[in-house]
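Geometric and topological summary
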Amino acid sequence: MTGAGASSNIVLPDGIRPSDGRFGSGPSRVPHEAVAALADAADGYLGTSHRRTGVRSVVARLQAGLAELFSLPEDWEVVLGNGGATGLWDCLGFGLIRRRSQHLAFGEFSAKFARAVQAVPHLEAPQIVEAPFGTHPEPVPADVDVYALTHNETSTGVQMPLRRPPEVGAVDGLVAVDATSGAGGLRWDPAEVDVYYFSPQKCFAADGGLWVACCSPAALERIAEIGDSGRWCPPTLSLPLAVKNSAANQTYNTPALATVFLTLQTVEWMCSKGGLEWAAGRCDASAETIYGWAEASDYAQPFVTEEAERSHVVATIDVDADVADAGRIATVLRANGIVDTESYRALGRNQLRISLFPAIPPGDVAALCACIDHIVARL
Ligand SMILES: *Cc1c(COP(=O)(O)O)cnc(C)c1O
């Protein structure tokens, strides 16, 4: 590591540091208040049966809180299960896709779901619509029964608006959205979506392991139809079993109780502050700060060129390689307790990736920008 000596000695002055050093895109910053609330509740909650009222009432509050946060219509269900969003992809291959799906692939996560479906023996080869990294494709009306969209592509920092593909009214295509890093930070309209799913370790500032899927009546109907069709499905991946257990405020098998609790903390915090509009507004403020800083900088710029496609929950910032090595900046930040600003490796860019999730105060994002300027001036 030639030349690393000087940079590794850069110490950030106390006055410019953010209040908390966690800027990772998942697992992401868990507020101290939420951890303290869990510790306070622990004796009556952790280590108790998930089939009894103590835990089931927390699950029920989580389901009700999410319905409120997202303004879900009365006839939607909030379904939960174990395995995170990646586990849910396998569930969708068994229990939501009838014959063929269309996937918008524009980064690591969206492409991974498409690849998982390609390998499912009882389905036809999916239709994959790609776009270069840093942009997103549009859904194309087609003879498919599921359109797989991604609200925010975490690997590239691209967000997309959720709209049903045009002229599919008569066609039976459900819109299923991987909102793992977008849910809770980006706006959406349930009228445009059938399944809105996520893991809680991103905007919901909890721990991983759980999946949550908000399901429209059309989605619930499809789940029941495929469940009755005789298609074999392993019980842990069964959506009908997940729907049935969720209706009783449970999961099919034991969930991580701390994850459920921490997710509820964030959902109720957001609802008490003004709901999704408030949380999304906070992300807007952070986005304005970081992209404004990058555009004004003479060595950094937003990776995503189209302003509307720039994510308000995960920012990707390119650094001029002649001025500084982004990996070096991230290393110095890490040495100063500011962690997980490294870019997504497969992108292969001289880049920093910084989460703007609701639990991160916009003032911390501004402080991080000042810290990066401080380091670059001394590299
Ligand atoms: C993090 C992430 C996933 C994977 O979530 P797991 O909980 O690890 O399964 C999937 N999709 C997107 C968009 C993500 O950001």
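Note that the coordinates shown come from a computational prediction; the quantities given were computed from them, not determined experimentally.

Rules of the game
- Residues numbered from 1 in each chain as written.
- Predicted model: local features only at pLDDT ≥ 70, side-chain atom pairs only at ≥ 80, totals over all residues.
- Heavy atoms only, no water.
- 1 Å grid on protein atoms, 1.4 Å probe; cavity = no way out; pocket = protein on both sides within 12 Å on 5 of 7 lines; lining within 4 Å.
- Points joined across faces, edges and corners; volume = space filled by probe spheres on them.
- Helix = DSSP H or I, 4+ residues; strand = E, 2+ residues; numbered from the N terminus.
- Pairing = 2+ DSSP bridges.
- Axes fitted to C-alpha atoms, helices over the stretch in contact; angles between N-to-C directions.
- Contact = heavy atoms within 4.5 Å.
- Buried < 20%, exposed > 50% of the residue type's maximum accessible area, 1.4 Å probe, protein only.
- Nonpolar A, V, L, I, M, F, W, Y, C, P; charged D, E, K, R; others polar.

**Some remarks on the layout of surface pockets**
For the largest pocket, the calculated volume is near 330 Å³. Pro31, His32, Glu33, Trp269 and Ala359 are the residues nearest the centre of the largest pocket, which is lined by 13 residues in total. Among the elements of the structure, helix H2 (32–45) and helix H8 (257–273) are those that each provide at least two residues to the lining of the largest pocket.

**What to know about the sheet that holds strand S10 (residues 300–302)**
Strand order in the open sheet formed by three strands is S10-S11-S12, and the pairing between neighbours is antiparallel. On the outer flanks of this sheet lie S10 and strand S12 (351–355), each paired with one strand and no other. When strand polarity is set aside, the average angle formed by the axes of neighbouring strands in this sheet is 30°. Inspection of the sheet shows S10 paired to strand S11 (residues 314–319) by three bridges, in the antiparallel sense. Looking at the pairing, Gln301 lines up with Asp318 of S11. Contacts from helix H10 (residues 326–335) reach S11 and S12, with the element oriented near 45° to S12.

**Focus on the environment of Thr341**
Tracing the chain through its elements places Thr341 in the loop between H10 and S12. Looking at Thr341, the relative accessible area reads 0%, which means it is buried.

**A few points about empty space enclosed by the protein**
Scanning the entire structure with this criterion turns up three cavities of 30 Å³ or more. The computed volume of the largest cavity comes to approximately 50 Å³. For the largest cavity, the full set of lining residues is His50, Val55, Val59, Leu80, Leu210, Asn249, Gln250, Thr251, Pro255 and Val260. A class-by-class count of the residues in the lining of the largest cavity yields six nonpolar, four polar and no charged.

**A closer look at the sheet that holds strand S7 (residues 174–178)**
To summarise the sheet geometry, strands pair through backbone hydrogen bonds and adopt either a parallel or an antiparallel arrangement. Here seven strands make up an open sheet; going across it, the order is S1-S9-S8-S7-S4-S2-S3 and the pairing mixed. The open sheet terminates on both sides in strands that have one partner only, identified here as strand S1 (77–82) and strand S3 (127–130). Sheet twist, expressed as the average angle between the axes of neighbouring strands with direction ignored, equals 20°. Here three bridges tie strand S2 (residues 101–105) to strand S4 (residues 146–150), and the two strands are oriented parallel to one another. Counted as the bridge partner of Ser101 is Val146 from S4. Strands in contact with helix H3 (residues 53–69) are S1, strand S8 (195–198) and strand S9 (210–215); relative to S1, the strand with the most contacts, it is inclined by about 130°. Where helix H4 (residues 84–95) meets the sheet, its contacts fall on S1, S7, S8 and S9, and the angle it forms with S9 comes to roughly 55°.

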